[in-house]
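The residues making up each chain are set out below.
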Amino acid sequence: MKVLVVDDDARLTADIERGLGAEGFTVEVAHNGVDGLWKAREGSYDAIVLDIMLPGISGYRVCAGLRAAENWTPVLMLTAKDGELDEAEGLDTGADDYLVKPFSFPVLVARLHALIRRAALGAPPPMAAGPLRVDFRARRAWVDDAELALTAREFDVLAFFLHRAGQVLSKSEILAGVWQDDFEGEPNIVEVYVARLRRKIAALTPTAVIGTIRGAGYRLS
């Protein structure tokens, strides 16, 4: 498993490189946003660990640049800030997950394994619900004939809904089914992802696909 670490903290990157190497990862490092974006575009990685505050260009812009180029390598964003706005901004640029500094190294490893595992799992046959159509093996989704541009985590949330179309799903059920045991943040992260999916789907169809069931959760029509 090959991971790119983009962080300007030389001591931290050395620790991450040494620790991930001991876990069997191959690690490459970049210490600024420009080099990180170039390496991410030119190389082939199973995951990218990306700091937000970088010299040159920020981690937000690096991630946004990758997604604009249709590079969907899973991105785990590191931040020294602990707040919903910071988290939401990272997700809006296309990050798949985030981790607040200082973090536990075993948690970092678990998050990376989870991101990579989801990308490698075998997939069921394509499914459809209303205007939605999902190819699980290719990890692609469409609304009618228009393709949705989804991050790895957004795809996982949509897939979880599709497999349970018509069922009312609580935040805790979605957390347990999508994030499983590798999440230590707030359950409100579900609201962020549902809002992102709704916004992307609404740009392609007037049909309200994911509804809110007051006091209970969400339901895919």
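Residues numbered from 1 in each chain as written. Predicted model: local features only at pLDDT ≥ 70, side-chain atom pairs only at ≥ 80, totals over all residues. Heavy atoms only, no water.

The name given to the protein in an unreviewed UniProt entry is Response regulator transcription factor, with the source organism recorded as Microbacterium pumilum.

Caption draft 1: Structural context of the sheet that holds strand β11 (residues 210-213). Taken in spatial order, the three strands of this open sheet run β10-β12-β11, and their pairing is antiparallel. The open sheet terminates on both sides in strands that have one partner only, identified here as β10 (168-169) and β11. Along the sheet, helix α6 (residues 152-163) contacts β10, β11 and β12 (217-220); its crossing angle with β12, the most-contacted strand, is approximately 75 degrees. This element, helix α8 (residues 189-202), spans β11 and β12 of the sheet and lies at about 140 degrees to β11. (Pairing = 2+ DSSP bridges. Helix = DSSP H or I, 4+ residues; strand = E, 2+ residues; numbered from the N terminus. Contact = heavy atoms within 4.5 Å. Axes fitted to C-alpha atoms, helices over the stretch in contact; angles between N-to-C directions.)

Caption draft 2: Structural detail: the sheet that holds strand β3 (residues 47-51). One open sheet accounts for five strands, arranged β2-β1-β3-β4-β5; its pairing is parallel. The sheet terminates laterally at β2 (26-30) and β5 (97-100), the two strands that pair on one side only. Ignoring strand direction, the axes of neighbouring strands in this sheet form an average angle of 20 degrees. Bridge count between strand β1 (residues 2-6) and β2: five bridges; the pairing is parallel. Each bridged residue has a counterpart across the sheet, and for V5 the counterpart in β2 is V29.

Caption draft 3: A look at helix α1 (residues 10-22). The end-to-end C-alpha distance of α1, which contains 13 residues, comes to 18 Å, matching closely the 18 Å that a straight helix rising 1.5 Å per residue would cover. Those residues of α1 lying buried are L12, T13, I16, G19 and L20. Each buried residue of α1 lies within a common arc of 135 degrees when the element is viewed along its axis, so the set occupies one face. Residues of α1 that are exposed and point more than 90 degrees away from the buried face comprise A10, R11, R18 and A22. Sitting at the head of α1, D9 places a side-chain oxygen 3.1 Å from the backbone nitrogen of R11. (Expected span 1.5 Å × (residues − 1). Buried < 20%, exposed > 50% of the residue type's maximum accessible area, 1.4 Å probe, protein only. Arc of directions from axis to C-beta. Polar contact = N/O pair within 3.5 Å; in protein donor to acceptor, adjacent residues only side chain to side chain.)

Caption draft 4: How the structure looks around the pattern of salt bridges. Tallying each qualifying case throughout the model produces 11 salt bridges. For R67, the salt bridge goes to D96, with nearest N and O atoms at 2.9 Å. Residue R67 is located in helix α3 (residues 59-68), and its partner D96 is located in the loop between α4 (84-92) and β5; the two are separated by 29 residues in the primary sequence. Across the pair, exposure class does not vary: R67 and D96 are buried alike. When the shortest N-O distance is used, the salt bridge between K200 and E154 registers 2.7 Å. Here K200 is found in helix α8, whereas its partner E154 is found in helix α6, with 46 residues between them in sequence. Here E154 falls in the buried class, since its relative accessible area comes to 0%. The network of salt bridges with common partners includes D7, D51 and K101. (Salt bridge = Lys/Arg side-chain N within 4 Å of Asp/Glu carboxyl O.)

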